[in-house]
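Spelled out, the chains give:
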Amino acid sequence: MFNAAKRYATVAIVDDAGEHTYVQLLQDARKVKSALGDRDHKGASIAMLVPNGYQYAAVQWGIWAAGGAVVPLSPMHPDRELEYFITNSEAKTLVCHPALLPNVQPVLDRLQGQISVVSTDVIHDLPNLPQADDLAVDDEQGALFIYTSGTTGKPKGVVLTHANIAAQITDLEEAWGWTPEDRLLHVLPLHHLHGIIVALCTALWSGATTEMLPKFDKDRVWNRIIDGPQDAAEEMPTERQRQAYTAMNSLRLTCSGSAALPTSVFRRWQKATGQIMLERYGMSEIGMALSNDGLNPQNRKAGSVGKPLPKVQVRLIDAEGKDVTETPGASGTIQIKGPNVFHAYYGLPEKTAKEFTSDGWFITGDVGTRDSDGLYYIMGRMSVDIIKSGGFKLSALEIERELLEHPNIVDVAVVGVPSEDWGEVVATAVTLKPDTTLTIEELKPWCYERISRYKTPKLLRIVDELPRNLMGKLDKKAVKAMFA
Ligand SMILES: Nc1ncnc2c1ncn2[C@@H]1O[C@H](COP(=O)(O)OP(=O)(O)OP(=O)(O)O)[C@@H](O)[C@H]1O
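Residues numbered from 1 in each chain as written. Predicted model: local features only at pLDDT ≥ 70, side-chain atom pairs only at ≥ 80, totals over all residues. Heavy atoms only, no water.

Regarding the overall build of the protein chain
Helix and strand content of the protein chain: 15 helices and 24 strands. Its C-alpha atoms give the protein chain a radius of gyration of 23 Å, near enough to 23 Å, the size a compact globule of 484 residues would have. Overall, the C-alpha framework of the protein chain stretches about 70 × 60 × 45 Å when taken along its three principal axes. For the protein chain, buried positions account for 54% of its 484 residues. (Helix = DSSP H or I, 4+ residues; strand = E, 2+ residues; numbered from the N terminus. Rg over C-alpha atoms; globule rule 2.2 N^0.38 Å. Buried < 20%, exposed > 50% of the residue type's maximum accessible area, 1.4 Å probe, protein only.)

Focus: the environment of A478
Position of A478 among the secondary structure elements: in helix α15 (residues 476-482). In this structure A478 comes out as partly exposed when scored by relative accessible area, which is 28%. Along the primary structure A478 and V137 are separated by 341 residues, whereas in three dimensions their C-alpha atoms are 42 Å apart.

What to know about the sheet that holds strand β14 (residues 307-308)
The strand order β11-β12-β13-β14 describes an open sheet built from 4 strands, whose pairing is mixed. Each edge of the sheet is formed by a strand with only one pairing partner; in this case those strands are β11 (255-256) and β14. The pairing of β11 with strand β12 (residues 278-283) spans 2 bridges and is parallel. The residue bridging C255 from the neighbouring strand is L278, located in β12. Contacts between helix α7 (residues 162-176) and the sheet are confined to β11, β12 and β13 (287-291), with β13 contributing the most and set at about 30 degrees to the helix. (Pairing = 2+ DSSP bridges. Contact = heavy atoms within 4.5 Å. Axes fitted to C-alpha atoms, helices over the stretch in contact; angles between N-to-C directions.)

Here we look at the nonpolar core
By size, the foremost hydrophobic cluster in this structure holds 80 residues, and its most contacted members are W61, W64, L144, L204 and Y281. The element that contributes the greatest number of residues to this core is helix α8 (residues 193-205), accounting for 10 residues. Residue assignment places this core across two domains, with domain 1 (2-212) and domain 2 (255-341 + 363-381) each supplying three or more. In this structure W64 touches M1, F2, V70, A136, V137, A143, H162, I165 and C201, once residues within four positions along its chain are discounted. By size, the runner-up hydrophobic cluster in this structure holds 21 residues, among which are A47, A69, V107 and F145. (Core = buried A, V, L, I, M, F, W, Y, C linked by side-chain atoms within 4.5 Å. Domains from an automatic or database assignment.)

Some details on the pattern of salt bridges
Applying the stated criterion across every chain yields a total of 20 salt bridges. For K31, the salt bridge goes to D28, with nearest N and O atoms at 3.0 Å. One end of the pair is K31 and the other is D28, both in helix α2 (residues 22-35) and 3 residues apart, which spans about a single turn. Each member of the pair, K31 as well as D28, carries the same accessibility label: buried. Two residues, D371 and K301, come together in a salt bridge whose shortest N-O distance is 3.8 Å. Residue D371 is located in the loop between β18 (362-370) and β19 (376-381), and its partner K301 is located in the loop between β13 and β14; the two are separated by 70 residues in the primary sequence. Taking the relative accessible area as the measure of exposure, K301 reaches 38% and is therefore partly exposed. (Salt bridge = Lys/Arg side-chain N within 4 Å of Asp/Glu carboxyl O.)

What to know about helix α14 (residues 440-448)
Turning to α14, its buried residues number three or more, namely I440, L443, W446 and C447. Buried residues of α14, viewed axially, fall in a sector of 125 degrees; they line one side. Buried residues in α14 make contact with α13 (396-403), β22 (409-419), β23 (423-432) and β24 (459-462). (Arc of directions from axis to C-beta.)

Some thoughts on the packing of helix α3 (residues 54-65) against α8
Contact geometry for α3 and α8: axes closest at 12 Å, N-to-C directions at 85 degrees. Classified by the angle their axes make, α3 and α8 are roughly perpendicular. On α8, the residues that touch Y56, A57, Q60, W61 and W64 of α3 are I196, L200, C201 and L204. Here the residues of the contact of α3 with α8 sort into 8 nonpolar, 1 polar and no charged. (Parallel < 35°, antiparallel > 145°, perpendicular 65-115°, else oblique. Nonpolar A, V, L, I, M, F, W, Y, C, P; charged D, E, K, R; others polar.)

Some thoughts on the domain arrangement of the protein chain
Domain boundaries assigned for the protein chain yield domain 1 (2-212), domain 2 (255-341 + 363-381) and domain 3 (386-482). Inter-centroid distance (C-alpha atoms) of domain 2 to domain 3 is 23 Å. On the domain 3 side, the residues contacting the 14 residues of domain 2 number 9 residues. Regarding the contact of domain 2 and domain 3, the summed buried area is about 1,000 Å², with carbon and sulfur atoms giving 52% of it. (Buried area = accessible area lost by both parts, 1.4 Å probe.)

Overview of the pairing of strand β2 (residues 18-21)
One ladder, built from 4 bridges, connects strand β1 (residues 11-15) with β2; its direction is antiparallel. Looking at the pairing, V14 lines up with E19 of β2. The hairpin turn running from β1 into β2, its antiparallel successor, is 2 residues long.

Comments concerning the sheet that holds β1
Sheets are built from strands that pair by backbone hydrogen bonding, the pairs being arranged parallel or antiparallel. Judged by pairing direction, the sheet is mixed, and its 4 strands sit side by side in the order β2-β1-β10-β9 without closing on themselves. One side of each edge strand has no neighbouring strand; the edge strands of this open sheet are β2 and β9 (183-186). Each strand of the sheet is rotated relative to its neighbour by a mean of 20 degrees, with strand direction disregarded. Taken together, the 4 bridges between β9 and strand β10 (residues 209-212) define a ladder with parallel strand orientation. Along β10, the bridge assignment pairs R183 with T209.

A word on the packing of aromatic side chains
The final tally for this structure, using the stated rule, is 12 aromatic pairs. Here F342 and F362 contribute two aromatic rings whose centre-to-centre distance is 5.4 Å and whose plane-to-plane angle is 75 degrees, an arrangement assigned as edge-to-face. Residue F342 is located in the loop between β16 (331-337) and β17 (344-345), and its partner F362 is located in strand β18; the two are separated by 20 residues in the primary sequence. A relative accessible area of 0% places F362 in the buried class. Through pairs of rings, three or more aromatic residues link up here, namely Y84, F85, F145, Y147 and Y346. (Phe/Tyr/Trp six-rings, centres within 6.5 Å; stacked < 30°, edge-to-face > 60°.)

Here it is in structure tokens:
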């Protein structure tokens, strides 16, 4: 990372405070390293709570330069969760922005002196140091903790090494064609894989410029894209839709991931922006594994997550343990091998071992299929999205995709509910457009024209809001509970 940065004398990050060059970023990383005591932290966990912006990158690099593994905390986390991440990762040091200190103060009080705090003020308080280019990392050392969303259990600390991160980044650099000419608009949370690695770190590695907004703000994003960097208008009146189309159409790449991209959204996006959205598949443990064509948009296919990235091996294993990767349409659990695959769940050697096959493949827990063109499709998580009904194995994601085409439905979750006759029956919870209604008697015939009868929901709940976690992912356990 540092070696890549040394090549660029350009702007690395633009945030509300202004422009920051790569040279300054290396200088400021050096200051954070020195504030951490300049001793070698050698893989020790160091937590950071810093808002989205330039200082985030400077602190991340400072911790790496000090030999530490970054435990990124988010201003979105309530203090009990901050405490869980700090204690679970055994972090003894926290780098904190003064404005966010109140978020973590109750935790510091409870931990009573077990954790020392370094303020991000060191970045402007300390003078530039003469030798700022002596930064290096050990490839095989733990670099980053990513806590899983906890949708399938208590969050686990996925530890990625510098080598894992480098493999993930260089794959994306090649497959999506990153260059120093790229300019990334960054609006994602910075405690998850996409925001940290796929977006920020890949951009920095490639010498691109990253514009960071403090958080996702729909109006600010549209204004920025339509008006360019200088001018940010207050409102987007409807007549700007044409301008929006033109501006969005000039972006080099728009991509979607972390959950299934509904076909209806794929189509609406293309209509509104002219962009063919790239959908990719990955997870904390492996980075990105499957991606639609990063260079030729015409090859991207709605509903598919594309093909393996250059360094990633993917296979599909069916219920009998047979490799069905080469059998078009056959479904199997997705298994992954490659230098991108994580090191361990922190402090959980047995859990880590259980997630790998005896021949070293990581078992993702997701089920997928592959077509005769080699494109992969995600059916969902084995634990919650694969519904076993009347001898069929159904994909909740496929049914959700169809239901989202219904004119009254805004948001949808499909789950399997235990049934004596069928094993499980398909049940769906939906939110509706204002002033519309829907009954199961109306939904069924609508479905029969589009999907098989056995995929058609037998149970329907109308709700005001679907249960989602901090990352906006559906909490399927809570959806299931609605039908208990
Ligand atoms: N394009 C996609 N289509 C469908 N599902 C996707 C896609 N991309 C990612 N996913 C889902 O997201 C999961 C990865 O999410 P992440 O690593 O952020 O945490 P999590 O798996 O939600 O957390 P936990 O392990 O605690 O449940 C994948 O295993 C897959 O189920």
